Every structure is written in C-alpha cells, then in structure tokens.
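Listed below are the residues making up each chain.
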2 protein chains.
Amino acid sequence: MPDTRSEPRYDVIAIGNAVVDVIASCEEDLIEELDLNRGGMTLVDEARADELYAAMPPAREVSGGSAANTLAGISTLGLQCAFIGQVADDQLGKVFRHDMRATGIDFDTEAREGEPATGRVLIFVTPDGERTMNTFLGAGQYLPAGALDEELIASGAILYLEGYLWDPEEPRSAMRRAIEVAREAGRKVAFTASESFVIERHGDDFRDMIDAGLIDILFVNESELATLTGKDDFEEGFASIENKVPVLVATRSAKGAVASADGERAQVAAEPVDKVIDTTGAGDQFAAGFLAGYAKGEPLERCLKRGAIAASEVIAHYGPRPEADMPALMNAKLG
Amino acid sequence: MPDTRSEPRYDVIAIGNAVVDVIASCEEDLIEELDLNRGGMTLVDEARADELYAAMPPAREVSGGSAANTLAGISTLGLQCAFIGQVADDQLGKVFRHDMRATGIDFDTEAREGEPATGRVLIFVTPDGERTMNTFLGAGQYLPAGALDEELIASGAILYLEGYLWDPEEPRSAMRRAIEVAREAGRKVAFTASESFVIERHGDDFRDMIDAGLIDILFVNESELATLTGKDDFEEGFASIENKVPVLVATRSAKGAVASADGERAQVAAEPVDKVIDTTGAGDQFAAGFLAGYAKGEPLERCLKRGAIAASEVIAHYGPRPEADMPALMNAKLG
C-alpha cells in the first residue's frame, strides 16, 4: 500500500454538538419542581426547552458543547484545532461560531438554513455547584455526512468525537464515516462516552467499535465505565477493557483519574478547588488537558495531571470553557 | 382639579435600552488596536459592531441596558417593577425578555418585526476591571411613543428614564410623552444622565427639563455633572443645580457618592471590594440601591448606603446585574 500519510496540519479535529449553554443558578427545590434529572443530561424537544426556559432564573449564555469545550481547552494550550458541527443561521449560531474562532479554532461547517434553531443546553446550577443539563439539539441533530470535510479530518493527528452526538442518526453516520477517514489516513481516534444514557442506547455500537480496534483513546467516567462494561466495581470494569483500547482514561470526580496505556497505568488525584461554582465542563476540560499532553507526547501521568488542572480551573467559575491564562496555570502547577 | 390619583400599582416603571451585553475580558493592547473609547460608551452602527465582534475574544452574553439593569436591581430588592423597551423578534430579544421576567419584572412591550436585530453592547473588560462599551442600539432606536402603555406609566410611583435612550429620536419623543403622563398622574420622574457624550448632544434638553421642574430625582457621575453644569469643580457644579431638583445624586466612583434632598445633604464612602472584576453596571446598581431605599421612604444616607452596597456587589463579577442574594447582603451590610 502506498503511504499517502503526510505530517498532520492540526493536532486535534473534533466533531461535536454546536450548542450555546444557557446557565442559571437556582435553588435545590426547582430541580424537583421541574422534574429534572439532577446532575445528568437529558435530551428535550423544543416545547420542553421553552417550558423549562420560562421557569428558569435569569441566565447567562456561553458557547458550549462537550467536544467543542474540549477543543477550546486544547486550543487555549496552544495546539492547532479545527471543529466540525452544525449550527443554524441565527444569532446563537453566530455566537457559537464567534467563540470558536476567537479561541483560535478553525470552524467552517456551513450554517444550516431554516428551522430548527441552533441547539441550546439549559443548565440549572444548584448551590453545591452541580449542573443539571437539558439539551435541545436543534440544528445539531442534522449534521450530514456530506458536511464533513474529509481532507480536513485526514489532516488532524487526532480525531475527537463525543458520544452525545452519537444519539441523532445523521451525525452518527457522519462520525462513522469520519472514523474511516481518520484511520485510512493513519490518525488516532479519541472518543468520549459522554453520559451513561448514551451508552444505554448505543453501548453495542461502542463495544463493537472498541472490539474492532477503531478507538485509540477512550474517555469514560465511573458510571459510564460501569454501564459500558456491565461491572459496578471500578477496578473490575477498568481491567475488563484496558487491553482493548491503546489508551483508556477514567475520571472519578473528587477521587481523581486513572489511565492505562500499553500496559502501563498511572493515576492522579483531583486538584484542590477553593469553591466549586459550576461543574459544567469538568469532564470536557479534563479531556482537553489530557489530550494536549498526549498530543505533545508527554508521559501518561503528566497528561493526567494536565487534565486535573484544567478541570479544577473550569469548575471554579460559571461556564464550560477555561477563563484563566491556561499555559501560565499549567506551568505554575506542573512545575 | 379633581384628584384622579390612585395608589400606584408599581414602585418603579423604567423606559430604557433593551440590549444584550456581549462581555469579553481582553488585554489593554486591544483597546488601542481597535481604537476604542476606553472606559466610555460609544454608539456604533451594525457594520462597526460586526467588525468589533470579529476582533473580540470569546464572550459571554447577559441581558443589559442601563435602566433595565437598575430595574433588575430594584426588583431583586423586592419592589414591584415594570419595563418598557424595544427588542426585535429574535433570539437575543427573547433572551432579554426572559431575563427581565425571570427577575420578576413585567415587560410587555411587543417585539418589533424585521430588521434591525435586538440591540447589543460589545463590552471589552481590561485587567483593571474597567469596561469599554460599544453599543449597537438595533431595534431599540425605534421605540415609538405609540408603544407606551400610558396606563402602566401612570400606575408607577416612580418613572425612571435613562439618558442613553435620549439620543435616538423615536424613544426621545416617547420619553417626553411618558414624563407628561407620569406628572399628570402625580408621579415622580427619575432620570440618569448616563454618559457625558449624551449631555454634550442633549444638554440643553436636560437643562430645560430641570429648569421646568420636570425631573424629581437626577443621577449623575462626576464627569456628567461637569458637562451638565459647565463647572469642573465638583462642589461648584453640585451646588449649582442642587436647588433645581428635589433629589440630586452624584456618584464619584471610588470616592463614594453625595446626595442632596430638600436642602439636606448626605454622603457615603464607596464599599470596599476585594477585587474589581468588571465595572459594568456599577452606576446602574448604585441607582437601584438608592431608588429602592427612596421608594421605601428611607433617610437619604441610608439610600446612598444601599446604592454603594449594590454597586460593590456588581463590580465583583462579570455582568451588569446582581448575582448575590441582595436582600440578605443589604441586611448584613446595613445593620
């Protein structure tokens, strides 16, 4: 086979939800009153989104989306990134695109005309800092495979995909195609399971992809690991798949994180945080820190440490993307 | 003359800009690069707004507008409020309306169809916390006198107007009519001069209204006072108009504030703040605290103290509206 592989132009290319977060702090009671899935992510239709919005306290709007947040974190650390995702041709779509580009990320997927609007996530943040997300995917659920820039995908060292976007059919097909393109170009495929409900619905797909060796780097949290492996014990679950993916990263909230790569294991404690304000983006930024280190070829433990530092920064303020001078923070904390 | 005055249904009715703030922190250099009016407010057209937005770092969107911010502060302190202002029928218009209503404020001015879009203010916040505002008024410049609900205006104990909205013609006529309605109903008229450039353009209008006794409560800052009175010395300027308005309130940033009412003077020091993050809304929230006290019939010094407390809360975070539990904060700090 002729080697058509060239030096990658981007460090990371991500495909993900293109949504704007609508974030409000609220009292504990409201979560129950509105019958929300506390601490989780729930897909809602537009009518339910309107209903929840009407009941929501005053809010702030910031660009979100799991893989988009991760990419923003990676870009902030100085790596070259590009994003593929579907916004509508509306004000929130422009906000999302602006924030990606202003972070230094290339984002050229064309906006989709007409309804539905750009997706939004209504996030209720309780006094303990826990976020409860309600997502109206909007235009994002229609990302067509035809919108993929295959040359772009082939030009990224790592293709990063989010499980959330596995749920709607069009983006799922698009991501399957993207994986093929990346692998044919000899690139790595990184995947975050995103949320247990996604695994409940699409676990067979994920397990098939893992068994087929399509995933090089897998991110899970504790509950996703349990759902994916069917094993409630963390150690058992971790051991059952660590040899099936070249790199496995499992985050454990306050208990830190564990990673395994080619038979080597490493772990890291959670970074101390003065006060948790809003946990939105914690997992996304952990992945950002880890991938930034990984892309630079750093040792596993240092990648984990970067993840922990990035996560600790984002949960200390509202919003899912870094606000601090991240290279400086990394330098200070990594030593 | 038959007394048709009834007990007011609202404590404060405000007419103001209905805009969404787009807030980004930025380095000092960018202010110069973009040739911005550091620390001030500049009206821009849509093309310039687009140009500035393209050059802006990632941002957060929150509802703003000077009088709207003040009203949000007053409402948070438990008073009954209604707002009149012009949004377009678009996503940012819905965001603005949501945030007003979610704060407990009645806001029923119908959205305007078609272009231009809902107004927005691009706010660049430098590391010292100073905000530099660039306002595209959008739909707001077309608030027609016909959109005024005169019955509503007559039902508020205080009508509050912002000078910023004196600049475009339609809202200016609408506000003139609103003042007539309020005075005929025996209500108080409160006015904030907003910004020196407004006084430079419309100072004669303001001085005429003051001389005609149309303004009961006037808010100015130091530079507005100088522009309005033509006197650079604060004391001279203050003395030159304090007998022309029943209540005069002059804010002096870090030097606190001075008020005069019916020959009585009071003053207050600025509240200490750990770290100034974003000065956006400082004047708006000072007015909110003051008016809330005034509406409750509190002594002048206590009204000023409320203003200082409210201002200190808002400059300690991004965004122009209170985020703390304001009644609790007032209780704690007023003693």
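Residues numbered from 1 in each chain as written. Chains lettered and ligands numbered in written order. Predicted model: local features only at pLDDT ≥ 70, side-chain atom pairs only at ≥ 80, totals over all residues.

Draft legend 1. Here's a closer look at the overall build of chain A. Counting its regular elements, chain A contains 12 helices and 14 strands. A globule of 335 residues ought to have a C-alpha radius of gyration of about 20 Å, and chain A, at 19 Å, matches this closely. In terms of overall dimensions, chain A has C-alpha extents of about 55 × 45 × 40 Å along its principal axes. When burial is assessed residue by residue, chain A has 54% of its 335 residues classed as buried. The contacts of chain A with a sequence gap of at least 6 include a subset with a gap of at least 24, amounting to 77%. (Helix = DSSP H or I, 4+ residues; strand = E, 2+ residues; numbered from the N terminus. Rg over C-alpha atoms; globule rule 2.2 N^0.38 Å. Buried ≥ 20, exposed ≤ 12 C-beta atoms within 10 Å, placed from the backbone. Contact = placed C-beta atoms within 7 Å.)

Draft legend 2. Local environment of the interface of chain A and chain B. In this assembly, 19 residues from chain A lie in contact with 19 residues from chain B. Of all the secondary structure elements, the ones that give two or more residues to the side of chain A that touches chain B are strand 4 (60-63) and helix 4 (91-102) of chain A. Sorting elements by how many residues they give to the side of chain A that touches chain B places helix 4 of chain A first, with six residues. For the side of chain A that touches chain B, the per-class residue count stands at 10 nonpolar, four polar and five charged. (Nonpolar A, V, L, I, M, F, W, Y, C, P; charged D, E, K, R; others polar.)

Draft legend 3. Just the relation of the copies chain A and chain B, in detail. Expressed as a screw transformation, the operator carrying chain A onto chain B has a rotation angle of 180 degrees and an axial translation of 0.0 Å, and the superposed copies differ by an RMSD of 0.0 Å. Expressed as an axis order, the relation between the two copies is that of a two-fold axis. Among all residues of chain A, the minimum C-alpha distance to the rotation axis is found for Glu61(A), at 2.4 Å. (Least-squares fit on C-alpha atoms with pLDDT ≥ 70 in both.)

Draft legend 4. Just the pairing of strand 9 (residues 156-162) of chain A, in detail. Residue and element names in this part refer to chain A. Most of strand 9 is tucked away: seven of the seven residues are buried. When strand 9 meets strand 10 (residues 188-192), the two strands line up parallel, connected through five bridges. Each bridged residue has a counterpart across the sheet, and for Leu-161 the counterpart in strand 10 is Phe-191. Read as a crossover between parallel neighbours, the route from strand 9 over helix 6 (residues 169-184) to strand 10 is right-handed. (Pairing = 2+ DSSP bridges. Right-handed = clockwise from strand over helix to strand, strands pointing away.)

Draft legend 5. A look at unusual backbone geometry. Residues and elements named next belong to chain A. With an omega dihedral of -5 degrees, the bond running from Glu-115 to Pro-116 counts as a cis peptide bond. Along the polypeptide, Pro-116 turns up in the loop between strand 6 (106-107) and strand 7 (118-125). With phi around 50 degrees, Ser-253 is a residue other than glycine that occupies positive phi space. Relative to the elements of secondary structure, Ser-253 occurs in the loop between strand 12 (247-251) and strand 13 (257-261).

Draft legend 6. Summary view of helix 3 (residues 66-76) of chain B. Residues and elements named next belong to chain B. Most of helix 3 is tucked away, with 11 of its 11 residues classed as buried. The set of residues buried in helix 3 consists of Ser-66, Ala-67, Ala-68, Asn-69, Thr-70, Leu-71, Ala-72, Gly-73, Ile-74, Ser-75 and Thr-76. Gly-78 occupies a position one or two residues after helix 3 and carries a positive phi of about 95 degrees.

Draft legend 7. Representation of the sheet that holds strand 14 (residues 264-268) of chain B. Residue and element names in this part refer to chain B. If you trace the nine strands from one edge of the open sheet to the other, you get 6-5-1-9-10-11-12-13-14, paired in mixed fashion. Both outer strands of the open sheet, strand 6 (106-107) and strand 14, are each paired with one neighbouring strand and no more. When strand 10 (residues 188-192) meets strand 11 (residues 217-221), the two strands line up parallel, connected through three bridges. The partner of Ala-190 across the bridge, within strand 11, is Ile-217. Along the sheet face, helix 3 touches strand 1 (10-15), strand 5 (81-84), strand 9 (156-162) and strand 10 and points at about 165 degrees away from the line of strand 1. (Axes fitted to C-alpha atoms, helices over the stretch in contact; angles between N-to-C directions.)

Draft legend 8. Broad picture of the sheet that holds strand 6 of chain A. Residues and elements named next belong to chain A. Pairing in this open sheet of nine strands is mixed, and the strands run 6-5-1-9-10-11-12-13-14 from one edge to the other. Of all strands in the sheet, those bounded by a partner on one side alone are strand 6 and strand 14 (264-268). Across the sheet, helix 8 (residues 222-229) touches strand 11 (217-221) and strand 12, and the angle it forms with strand 11 is around 110 degrees.

Draft legend 9. Here's a closer look at the packing of helix 10 (residues 282-295) of chain A against helix 11 (residues 300-314) of chain A. All names here are of chain A. Orientation of helix 10 relative to helix 11, taken along the N-to-C sense of each, is 145 degrees, at an axis distance of 7 Å. At the point where helix 10 passes helix 11, the crossing takes the right-handed sense. Here helix 10 contributes Ala-282, Gln-285, Phe-286, Ala-287, Ala-288, Gly-289, Phe-290, Ala-292, Gly-293 and Tyr-294 to the contact with helix 11, which in turn contributes Arg-302, Cys-303, Leu-304, Arg-306, Gly-307, Ala-308, Ile-309, Ala-310, Ala-311, Glu-313 and Val-314. For the contact of helix 10 with helix 11, a count of residues per class yields 14 nonpolar, four polar and three charged. (Left-handed = near helix turned anticlockwise from the far one by under 90°.)

Draft legend 10. How the structure looks around helix 4 (residues 91-102) of chain B. Residues and elements named next belong to chain B. The end-to-end C-alpha distance of helix 4, which contains 12 residues, comes to 16 Å, matching closely the 16 Å that a straight helix rising 1.5 Å per residue would cover. Counted residue by residue, helix 4 has nine buried out of 12 residues, so it is predominantly covered. Residue Gly-104 follows helix 4 closely and has a positive phi angle near 95 degrees. (Expected span 1.5 Å × (residues − 1).)

Draft legend 11. View of the environment of Ala185(B). Along the chain, Ala185(B) falls in the loop between helix 6 (169-184) and strand 10. Spatially, the C-alpha atoms of Ala185(B) and Gly156(B) are 9.1 Å apart, while their sequence positions differ by 29 residues.

Draft legend 12. Looking closely at the environment of Pro127(B). Examined against the element boundaries, Pro127(B) turns out to sit in the loop between strand 7 (118-125) and strand 8 (131-138). Taking the C-alpha atoms as reference points, Pro127(B) and Phe83(B), 44 residues apart in sequence, are found 33 Å from one another.

Draft legend 13. Inspection of the confidence of the model for chain A at higher detail. On average, chain A scores 96 in pLDDT, and the residues at 70 or more come to 99%. Taken over the whole predicted complex, pTM reads 0.96, whereas the ipTM for its chain interfaces reads 0.95. (pLDDT = per-residue confidence, 0-100.)

Draft legend 14. Layout of the pairing of strand 11 of chain A. Residues and elements named next belong to chain A. Taking burial as the measure, the five residues of strand 11 include five buried ones, the bulk of the element. Going residue by residue along strand 11, you find Ile-217, Phe-219 and Asn-221 tucked away on one face and Leu-218 and Val-220 tucked away on the opposite face as well. Across five bridges, strand 11 lies against strand 12 in parallel orientation. Note that in strand 12 the partner of Ile-217 across the bridge is Val-247.

Draft legend 15. Just the environment of Gly283(B), in detail. Residues and elements named next belong to chain B. Here Gly-283 lies in helix 10 (residues 282-295). Separated by 277 residues in the primary sequence, Gly-283 and Ser-6 place their C-alpha atoms 32 Å from one another. In contact with Gly-283, other than residues within four places in its own chain, are Asn-221 and Thr-251.

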